[in-house]
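Each chain, letter by letter, is given below.
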Amino acid sequence: MAFSRRNFLKGAAAGSAAAACAAATTTPAEARENLTMPPKAVGLLYDSTICVGCKACVVACRDANDTHPEFSTEEKLWDNPLDISGKTITVIKMYSEGTGQHKDQEKDGFAFMKRSCLHCVDPSCVSVCPVTAMTKDPVTGIVSHEPADCIGCRYCIVACPFAVPQFEFDKAFPKLLKCQLCKHRQAEGKIPACAEVCPTGATLFGPVTALKEEADRRLAVPAGKPNTFARKTVGSPDVHEHPNAAYVQHAYGTTEMGGTQMLLLSGVPFEKMGYPKLRERSYASEAETIQEGIYHDLIAPVALFAGLLYVARKNTKNHDEEE
Amino acid sequence: MSKAAPLGGSYITKTTVITAILTVIMGALLLYRLVFGLGAVTNLSNGYGFGLWIAYDVFISTAFACGGYSMAILVYIFNRGEYHPLVRPALIASAFGYSLGGMSIMFDVGRYWNAWHLFLPGWANPTSIMFEVACCIAAYCMVLWVEFAPAIAERFAPPKVVAILKKTAFIPIAIGCLLPTMHQSSLGSLLIPAGYLVHPLWQSNLLPVMALSSAICMGYSIVIFEGSLVTEAYNRPSEAHMLGKISRLISGLLIFYLVVRWGNLAYAGKLGLVLTSGKYSFFFILENLLFVLPVILLATQKNRVNPQLLFIAAVSMLLAGALYRLDLVLIAYGREGWHYFPSVGEILITVGFVALEILGYIVCVKLFPVLSSHHPAHGKGSHTVLRAPSAAATTNE
Amino acid sequence: MNDDILNAIETRLGLSRRSFMQFCAAMAATMGLPKGADAAIANAIASSTRPPVIWLHFQECTGCTESMLRAEHPALDKLILEIISLDYHETLFAGAGHQAEAARKASMAANKGKYVLVVEGAIPMKDGGIYCKVGGHTALDLVKECAADAAAVIAIGSCAAWGGMPSSAPNPTGAVGVDEIIKDKPVVNIPGCPPSPYNFLSTVVHYLTFGKLPELDGKGRPKFAYGRIIHENCERRPHFDAGRFAQEFGDEGHRLGYCLYKLGCKGPETFANCPSILFNDIGSGSWPVGTGHPCIGCSEKGIGFTKPIHSLAEPVYITPPESYARIVEEQGQGITLASGATMAVIGGLAVGAGAKFAANLGKKKPEDSSIGKE
């Protein structure tokens, strides 16, 4: 075939037209805002300053969710998971600095921190799961995982800002494990096992709105002043007294990633406790805005396809004639 | 111009034997993975959900396999019929690249027996970029073979069928131009939800634009790369004049990519990070040098027709695109305290897929009319021996 | 030690030689004394003249004395009565009234500077101390009078040590411990409600043997008995470390002997040797936590009789074990020799082949078919 300037220009024009057509029909979709929390959402309030690191929650979680002890030492004597994993849904981790003697102090201190699903208001895992195996309950806001749906692509693991979903890499038929806020216990009228057994009320269950108020109440009390702390459920009569700690004046999870349903209080800055500073706009909302911008009602791809069809038909014909 | 014809010749050569052995090793390792789980073969962890297989087999290998897409755009959309001889070799390479990428995903997903959930409305989650990518790649794998169907038909089917296939070819061609546009951009978007986990030098809302433009560049580069390789290996006439023209396209696209990349960094105020990010700076600068090198090499017409420089520019571009993807998925991605480096098993499996791809390509060009037929070696087995098997292995490194 | 002395002991105390040496060894062990100390103790007990003891009772329940009487080491009662010369003790006295007071005064005069003063019970300070009087004298006056010429002062029980139960809010009588009043000489505090009798006895024997009081902590307590926190020696500690807690009295965890922390056990903030020395000489488990009741911190000022029994303890010294999971744990598999080498070999092959190929590329004429052959 002879190369002709005319042909080329025609093709180029047609191609550009198709692309332009696609671009023009792409109405700039409105930005997808952060999702909002269901009014009856439930969650946990974890207060590092009253946690004594006893790991009762870890043990109770094992019982409630039928997970098995995990060993991190060679002797395999103790159940001591180093982190949440395919075998462990929650762990208490330790912050230690310098001499590590003073509780809830950043310098020369130590502190405990719970690791489990934060149940984001606008969870990345739900947004990115290709097969809807991750879901957010419209009433309770619990982020659950359904193994029967899961294909094991692990995109949720890659996308979760808190490294929560955990995969069983050591199994031929693996599952994904994450905290589901003991929804099976809640269905029986019980509360999550970790909150149920916590001896100090460091892990407290309740409606997120009430948990937020409780967190604000604690933050408002000056350090050293006696304060009362409920156990099990926020507002329960089972309270104990304890001098208020010097809190970092922020409840983690009130703004991060558009909010989470597990709130954290701490005496040591959260960045040092494994919870990075995160902006308010959720990654899910941003990614979805971009995808939606491109694929809004599939108008752009369809328009582009129509243009491509037209141009390709014309040009294949030309080639055939010339051949 | 001459018609494409099968290369013919013996199937047992040094290259085919070595690639076959590598393929068998891969098969054994994959069997091991199926029996003992992902952890037994890979170093995948809950800190690095994506490993070498996703980074290479999906991100890099499909970008390498963009030759068919890039050439189809050039020939059928921009109506540059002169490049027609390059389409079929590019298509077959793409078909192998994508199919094997798709196949490797089946071994990478932990719960492969559920994989069909991806394509059913009851499960599909349209907000998921992974869903879009998976569907798109699956569809494109099929489209590629349909696009390639005329070549198979020419060998086996009656002329009538060939005629019909050729008449309706514009449909798979159009789809074949649409789908990679979608999923190559979405492969970039795939990392947007990871937010801070990807180093700010790479994380950007323009990831889809950068991923797509670099993928098209890689598509043209692989055409040059394979063109050089085939010319040399099968002792065929030089296609430098054609390849040289394509290289101008690469330059243009590359400049576009670099403007977007650096403009985006400047706009976001991240330019300071370029030099202050430790190992990330190293990879960022290395990656950008590899991107800039082809632009410099391909600046003059003289250089563009020099097969050596052309080849180096193409390789540099391919390495740049590959490193960009590797950075995005593995090197710039990370969580505090977590480590990842592919295990020997993981590497060997990836090498096995590459070997299978090369093996398939060789079989195909020998069996089907892929390469244009005006060369002296046609029909003479002695001339179809590859010069250096390892040269073929470089296809994907 | 010669047989004469041991024979004398046998007749004096009515103890077999074996029982006596056992007792001395037990004393030495209680105080954590080195090997050979038992012999020193035996010598001291056998040869010393019995030190006179004046034992005062103020605001108390006599529980400390009762506890002392129920100690069942061989012939302990005898030892108390025979080793020391208990010259004044209101509970154990045969005499009463002026006769008893006269005995006290006589002993104090006779043993000036040599007697040991033991105080049981808190001393009320409010309104001039009128809320506790013996023989017309306030406790305040009595303790001052008796302490003035004492060689040593031992405050037995939490009441005498720091005020104990009488000092609980609102503390209507202004009850305080002995060391609030006696400032000019060391006061040994043996807190507890009641304290282990052996902690008292060991202190006395130490004084007897070495002529000085045992080493004391910042609160005047013998370190051998109050140097360690209950939580650290508790037989239920493994349950705490494993996160197994009795949630309420009588539940499964309680029956299985899990940690009592959640029921308000004050072990994590109370210093005493209860879990090691136990009570009543009846074998293992004979202490509150062993029987399934949380420690109430009876020996610890600010905890016993102050904090509600079932309120949570404020753990001290709970710096976590080294094995505790850190915030950032190094996880995942980084580069190894094998994987790195594999990668390097493949990379090297690719680069080498690519370079060789590129070098050949320009040198070849398209028509030259010979290069295609190996």
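Residues numbered from 1 in each chain as written. Chains lettered and ligands numbered in written order. Predicted model: local features only at pLDDT ≥ 70, side-chain atom pairs only at ≥ 80, totals over all residues. Heavy atoms only, no water.

### Things to note about the overall build of chain B
Here comes step 1: Looking only at helices and strands, chain B has 16 helices and 2 strands in total.
Here comes step 2: For chain B, whose C-alpha radius of gyration is 21 Å, the value lies close to the compact-globule estimate of 21 Å for 397 residues.
Here comes step 3: Each of the three principal axes of chain B carries a C-alpha extent, and together these read 60 × 55 × 40 Å.
Here comes step 4: Counting only residues that meet the buried cut, chain B has 65% of its 397 residues in that class.
Here comes step 5: For chain B, long-range pairs separated by at least 24 residues make up 81% of all intrachain contacts whose partners lie at least 6 apart in sequence. (Helix = DSSP H or I, 4+ residues; strand = E, 2+ residues; numbered from the N terminus. Rg over C-alpha atoms; globule rule 2.2 N^0.38 Å. Buried < 20%, exposed > 50% of the residue type's maximum accessible area, 1.4 Å probe, protein only. Contact = heavy atoms within 4.5 Å.)

### Section: the overall build of chain C
Here comes step 1: Looking only at helices and strands, chain C features 15 helices and 9 strands.
Here comes step 2: In terms of overall size, chain C is more extended than a compact globule, its C-alpha atoms giving a radius of gyration of 34 Å where 374 residues would be expected to give roughly 21 Å.
Here comes step 3: A principal-axis box enclosing the C-alpha atoms of chain C has dimensions of 135 × 55 × 45 Å.
Here comes step 4: Buried positions account for 51% of the 374 residues belonging to chain C.
Here comes step 5: Across chain C, the fraction of contacts at a sequence separation of at least 24, relative to all contacts at a separation of at least 6, is 73%.
Here comes step 6: Counting only carbon and sulfur atoms, one obtains 56% of the accessible surface of chain C, whose full area is about 16700 Å².
Here comes step 7: The distance from the centre of the 35 positive side-chain charges to the centre of the 38 negative ones in chain C is 6 Å. (Areas by Shrake-Rupley, 256 points an atom, 1.4 Å probe, with all protein chains shown as cover. Lys, Arg positive; Asp, Glu negative; His and termini not counted. Charge placed at Lys NZ, Arg CZ, Asp CG, Glu CD.)

### Regarding the domain arrangement of chain C
Residue and element names in this part refer to chain C.
Here comes step 1: Here chain C is partitioned into domain 1 (3-224) and domain 2 (228-321).
Here comes step 2: Distance between the C-alpha centres of domain 1 and domain 2: 28 Å.
Here comes step 3: At the interface, 20 residues of domain 1 touch 12 residues of domain 2.
Here comes step 4: Buried area between domain 1 and domain 2, summed over both chains or domains, comes out near 1400 Å², and the portion from carbon and sulfur atoms is 53%.
Here comes step 5: Where domain 1 meets domain 2, there are 2 salt bridges.
Here comes step 6: With its nearest N and O atoms 3.3 Å apart, the salt bridge here joins Glu 300 to Lys 219.
Here comes step 7: At the boundary of domain 1 with domain 2, the tally comes to 6 residue pairs in polar contact (both at pLDDT 80 or more). (Domains from an automatic or database assignment. Buried area = accessible area lost by both parts, 1.4 Å probe. Salt bridge = Lys/Arg side-chain N within 4 Å of Asp/Glu carboxyl O. Polar contact = N/O pair within 3.5 Å; in protein donor to acceptor, adjacent residues only side chain to side chain.)

### Topic: the sheet that holds strand β2 (residues 91-96) of chain A
All names here are of chain A.
Here comes step 1: In space, the 3 strands of this open sheet follow the order β2-β4-β3, with mixed pairing throughout. The open sheet terminates on both sides in strands that have one partner only, identified here as β2 and β3 (102-103).
Here comes step 2: As paired strands, β2 and strand β4 (residues 109-115) are joined by 6 bridges and run antiparallel to one another. Among the inter-strand pairings, Tyr 95 is bridged to a residue of β4, identified as Ala 111. (Pairing = 2+ DSSP bridges.)

### Things to note about the UniProt feature "binding site: [4Fe-4S] cluster 2" (unreviewed entry) in chain C
All names here are of chain C.
Here comes step 1: Mapped onto the present numbering, the UniProt feature "binding site: [4Fe-4S] cluster 2" (unreviewed entry) falls on His 231, Cys 234, Cys 259 and Cys 265. Annotated residues spanning 35 residues; largest pairwise C-alpha distance 11.1 Å, indicating a single compact cluster.
Here comes step 2: By the element assignment, Cys 234 lies in the loop between α11 (230-233) and α12 (237-241).
Here comes step 3: We classify Cys 234 as buried; its relative accessible area is 14%.
Here comes step 4: For Cys 265, the contacting residues outside a window of four places in its chain are Leu 260, Val 289, Pro 294, Cys 295 and Ala 313. (UniProt positions renumbered as here; feature names shortened; annotations may be inferred.)

### Some remarks on helix α2 (residues 17-30) of chain C
Note on helix geometry: an α-helix contains 3.6 residues per turn, so any two residues three or four positions apart are oriented the same way.
Here comes step 1: A rise of 1.5 Å per residue sets the reference length of α2(C), with its 14 residues, at 20 Å; its end C-alpha atoms lie 20 Å apart and thus fit the reference within 8%.
Here comes step 2: In the segment just after α2(C), C:Gly32 is the residue with positive phi, at about 65 degrees. (Expected span 1.5 Å × (residues − 1).)

### A closer look at the interface of chain B and chain A
Here comes step 1: Contacts between the two partners involve 66 residues from chain B and, on the opposite side, 66 residues from chain A.
Here comes step 2: When the two sides are added together, the surface that chain B and chain A hide from each other amounts to roughly 5700 Å², 61% of it contributed by carbon and sulfur.
Here comes step 3: For chain B, the biggest contributors to the area lost against chain A are B:Asn46, B:Asn79 and B:Arg111; these three give 14% of the whole.
Here comes step 4: The interface formed by chain B and chain A holds 1 salt bridge in total.

### Looking at the sheet that holds strand β12 (residues 262-265) of chain A
Residues and elements named next belong to chain A.
Here comes step 1: Across the sheet, 3 strands lie side by side as β9-β1-β12; this open sheet has mixed pairing. Strands with a single pairing partner mark the edges of an open sheet, and in this sheet they are β9 (203-207) and β12. Averaged over all neighbouring strand pairs, the angle between strand axes comes to 20 degrees, with direction disregarded.
Here comes step 2: The sheet contact formed by strand β1 (residues 42-47) and β9 spans 5 bridges and is antiparallel. If you follow Leu 45 over to β9, its bridge partner there is Leu 204.
Here comes step 3: Across the sheet, helix α7 (residues 208-220) touches β1, β9 and β12, and the angle it forms with β9 is around 130 degrees. (Axes fitted to C-alpha atoms, helices over the stretch in contact; angles between N-to-C directions.)

### As for helix α14 (residues 307-331) of chain B
Here comes step 1: Along α14(B), 18 of the 25 residues are buried, which leaves the element largely enclosed by surrounding structure.
Here comes step 2: Of the residues that open α14(B), the one with a side-chain oxygen 2.8 Å from the backbone nitrogen of B:Gln308 is B:Asn306.

### Some remarks on the packing of aromatic side chains
Here comes step 1: Per the stated rule, a full pass over the model turns up 34 aromatic pairs over all chains.
Here comes step 2: On the numbers, 5.9 Å between centres and 80 degrees between planes, the contact of B:Phe156 with B:Phe368 is edge-to-face. Of this pair, B:Phe156 sits in helix α6 (residues 129-156) while B:Phe368 is found in the loop between α15 (344-367) and β2 (371-372), placing the two residues 212 residues apart along the sequence.
Here comes step 3: Assessed through its relative accessible area of 10%, B:Phe368 is described here as buried.
Here comes step 4: Ring plane angle 75 degrees and centroid distance 5.3 Å describe the contact between C:Tyr88 and C:Phe93, whose orientation is recorded as edge-to-face.
Here comes step 5: Under the relative-accessibility criterion, C:Phe93 is labelled partly exposed at 23%.
Here comes step 6: Ring pairing ties together the aromatic residues B:Phe96, B:Trp145, B:Phe148, B:Phe156 and B:Phe368, which thus form one cluster.
Here comes step 7: When the ring centre of A:Phe167 is taken as origin, the NZ or CZ atom of A:Arg154, which lies over that ring, is 6.0 Å away.
Here comes step 8: The ring of C:Tyr88 carries the charged tip of C:Arg104 above its face, separated from the ring centre by 5.8 Å. (Phe/Tyr/Trp six-rings, centres within 6.5 Å; stacked < 30°, edge-to-face > 60°. Lys NZ or Arg CZ within 6 Å of the ring centre and 35° of its normal.)

### Here's the deal with the confidence of the model for chain C
Residue and element names in this part refer to chain C.
Here comes step 1: Per-residue pLDDT for chain C averages 85, and the proportion of residues at 70 or more is 90%.
Here comes step 2: Taken as a whole, residues 364-374 scores under 50 in pLDDT and shows 23 contacts with residues more than four places along the chain or in a different chain.
Here comes step 3: Scored as a whole, the predicted complex attains pTM 0.82, and scored at its interfaces, ipTM 0.87. (pLDDT = per-residue confidence, 0-100.)

### So, the nonpolar core
Here comes step 1: Counting residues in hydrophobic clusters, the biggest one holds 164 residues, and the most contacted among them are A:Tyr155, B:Met71, B:Leu190, B:Leu191, B:Ile246 and B:Val329.
Here comes step 2: Broken down by element, the residue count for this core peaks at 15 residues, all from helix α9 (residues 207-233) of chain B.
Here comes step 3: There are two domains that each give this core at least three residues, and those are domain 1 (6-33 + 285-322) and domain 2 (42-280) of chain A.
Here comes step 4: Filtering out sequence-adjacent residues up to four positions away, B:Val329 remains in contact with B:Phe50, B:Ile54, B:Ala55, B:Phe59 and B:Leu191.
Here comes step 5: One finds A:Met94, A:Tyr95, A:Cys198 and A:Tyr252 within the second-largest nonpolar core, a separate group that totals 56 residues. (Core = buried A, V, L, I, M, F, W, Y, C linked by side-chain atoms within 4.5 Å.)

### Remarks on the environment of A:Ala187
Residue and element names in this part refer to chain A.
Here comes step 1: Structurally, the position occupied by Ala 187 is in helix α5 (residues 183-187).
Here comes step 2: According to the relative accessible area criterion, Ala 187 is exposed, its value standing at 69%.
Here comes step 3: Taking the C-alpha atoms as reference points, Ala 187 and Pro 165, 22 residues apart in sequence, are found 23 Å from one another.

### A short note on the state of the cysteines
Here comes step 1: On inspection of all chains with the given rule, the structure shows 0 disulfides over all chains.
Here comes step 2: No disulfide involves A:Cys150; its sulfur sits 6.5 Å from the nearest other cysteine sulfur, which is in A:Cys156.
Here comes step 3: Free cysteine: C:Cys234, not disulfide-bonded; nearest cysteine sulfur from C:Cys265 at 6.2 Å. (Disulfide = S-S within 2.5 Å.)

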